[in-house]
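# Remarks on the overall topology
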Amino acid sequence: MQPGEINVDPIEGQFFTTEVLTSINDALVREAIQNSLDAAAEGEPVRVRFSFRSLALQETQPIRDLYLDGLIPHIHARNSGLPEIPAESESLSFILIEDFGTRGLQGDVTQYDDLEDDIHRNDFYYFWRNIGRTRKGDTDLGRWGLGKTVFQAASRINAFLGLTVRRNDGRKLLMGQSVLKIHKVEGRRFAPYGYYAVFDDHLALPVESEEVIDAFCSHFSVDRDGRSGLSILVPYPDPELHPKACIKSIVK
């Protein structure tokens, strides 16, 4: 962060705290399914799959280092805002939320503002680069641009990764996001938002390397098989999240 920047910690996670919600399971199930229904491909049924998995202990460190290594010093920072940090000896558990029969995150991946009148609908831009802002219509189920923040709120390290396969062009895009509080690492001040991405100057762009994406799918049992949609990986989920509770939330 630059010296003159305003210090503002994110507040969107407060909408999904256990103090506000009766159940983090209800919030995760509701918001995930609403987002998927809003992204339905015309003429196809939407399916959403919740998988609860954990890596073997001997696999955890090398795979965790591939995707979370740059985040580790930040989650251990004194002012990160995380109440509990997973121990290094803990196996990497995760929830995988995948939808099928949807269009995926379509749109120009380089778009970083929406102040022009001729901007087309861009699901990628609004998912990854906006909080509390959306161009969904009044008939869409999730209209406030906050629903996706439940993914990071469901993680004990306030982070998630997303792999999308787009229906219109077949591109596979992998990206991740973490949300902490303003904090310092080795004396340097950092803003709350961080990305798993490739960078063009300061703009975070999705990873499109087939080798990296194939490895991600193999490591976390992602089964897109070229089908359009979005797969969300929530690492180190809140301990309240478990299959039986999610089944009750789905029924509800």
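### Describing the packing of aromatic side chains
In this description, an aromatic ring pair is defined by two values, namely the gap between the centres and the angle between the planes. Going through the model one piece at a time under the given rule, you end up with 11 aromatic pairs. Ring plane angle 85° and centroid distance 6.1 Å describe the contact between Phe-127 and Phe-160, whose orientation is recorded as edge-to-face. Placement of Phe-127 in helix H4 (residues 123-128) and of Phe-160 in strand E3 (residues 159-165) is noted, with a sequence separation of 33 residues between them. Judged by relative accessible area, which is 2%, Phe-160 ranks as buried. Each member of the aromatic cluster is reached from another via a ring pair, and the members are Tyr-67, Phe-94, Tyr-196, Phe-216 and Phe-220.

### A word on the layout of surface pockets
By rolling a water-sized probe across the atoms, one finds the places where empty space is left. Taken as a whole, the largest pocket spans an internal volume of roughly 790 Å³. Ala-191, Tyr-193, Gly-194, Tyr-195 and Phe-199 are, among the 32 residues lining the largest pocket, the residues nearest its centre. When residues of the lining of the largest pocket are traced back to their parent elements, those giving at least two are helix H2 (57-68), E3, strand E4 (172-179), strand E6 (188-190), strand E7 (193-196) and strand E9 (203-205). Here the lining of the largest pocket is built from residues that sort into 18 nonpolar, eight polar and six charged.

### Section: the pattern of salt bridges
According to the stated counting rule, one finds 10 salt bridges in the structure shown. One salt-bridge network, held together by shared partners, links Glu-84, Glu-90 and Arg-156.

### Quick word on the sheet that holds strand E2 (residues 93-100)
Read from one edge of the open sheet, six strands run E1-E2-E10-E3-E4-E7, paired in antiparallel fashion. What marks the edges here is a single partner per strand, and that holds for strand E1 (47-54) and E7. Taken pair by pair, the neighbouring strands of this sheet meet at an average axis angle of 20°, ignoring direction.

### Some points on the side chain of Arg-156
Here Arg-156 is to be found in the loop between helix H5 (149-153) and E3. Residue Arg-156 is classed as buried on the basis of its relative accessible area, which comes to 15%. A polar contact of 2.8 Å, which involves the side chain of Arg-156, links it to the side chain of Glu-90. Apart from residues lying up to four places away in sequence, Arg-156 is in contact with Leu-82, Glu-84, Ile-85, Pro-86, Glu-90, Pro-235, Tyr-236, Pro-237, Asp-238 and Pro-239.

### So, the pairing of E3
The element E3 is extensively covered by neighbouring structure, given that seven of its seven residues are classed as buried. Burial along E3 is two-sided: Ala-159, Leu-161, Leu-163 and Val-165 facing one way and Phe-160, Gly-162 and Thr-164 facing the other are all buried. In this sheet, E4 lies alongside E3 in antiparallel orientation, the contact comprising seven bridges. Bridging across to E4, Leu-161 finds its partner in Gly-176. Here E3 hands over to E4 after six residues, with Gly-170 in that stretch at a positive phi of 75°. In the sheet, E3 pairs with strand E10 (residues 229-235) via five bridges, with the strands oriented antiparallel. Bridging across to E10, Val-165 finds its partner in Gly-229.

What counts, and at which threshold
Residues numbered from 1 in each chain as written. Predicted model: local features only at pLDDT ≥ 70, side-chain atom pairs only at ≥ 80, totals over all residues. Heavy atoms only, no water. Phe/Tyr/Trp six-rings, centres within 6.5 Å; stacked < 30°, edge-to-face > 60°. Helix = DSSP H or I, 4+ residues; strand = E, 2+ residues; numbered from the N terminus. Buried < 20%, exposed > 50% of the residue type's maximum accessible area, 1.4 Å probe, protein only. 1 Å grid on protein atoms, 1.4 Å probe; cavity = no way out; pocket = protein on both sides within 12 Å on 5 of 7 lines; lining within 4 Å. Points joined across faces, edges and corners; volume = space filled by probe spheres on them. Nonpolar A, V, L, I, M, F, W, Y, C, P; charged D, E, K, R; others polar. Salt bridge = Lys/Arg side-chain N within 4 Å of Asp/Glu carboxyl O. Pairing = 2+ DSSP bridges. Axes fitted to C-alpha atoms, helices over the stretch in contact; angles between N-to-C directions. Polar contact = N/O pair within 3.5 Å; in protein donor to acceptor, adjacent residues only side chain to side chain. Contact = heavy atoms within 4.5 Å.

So yeah, pure geometry; function would need other evidence.
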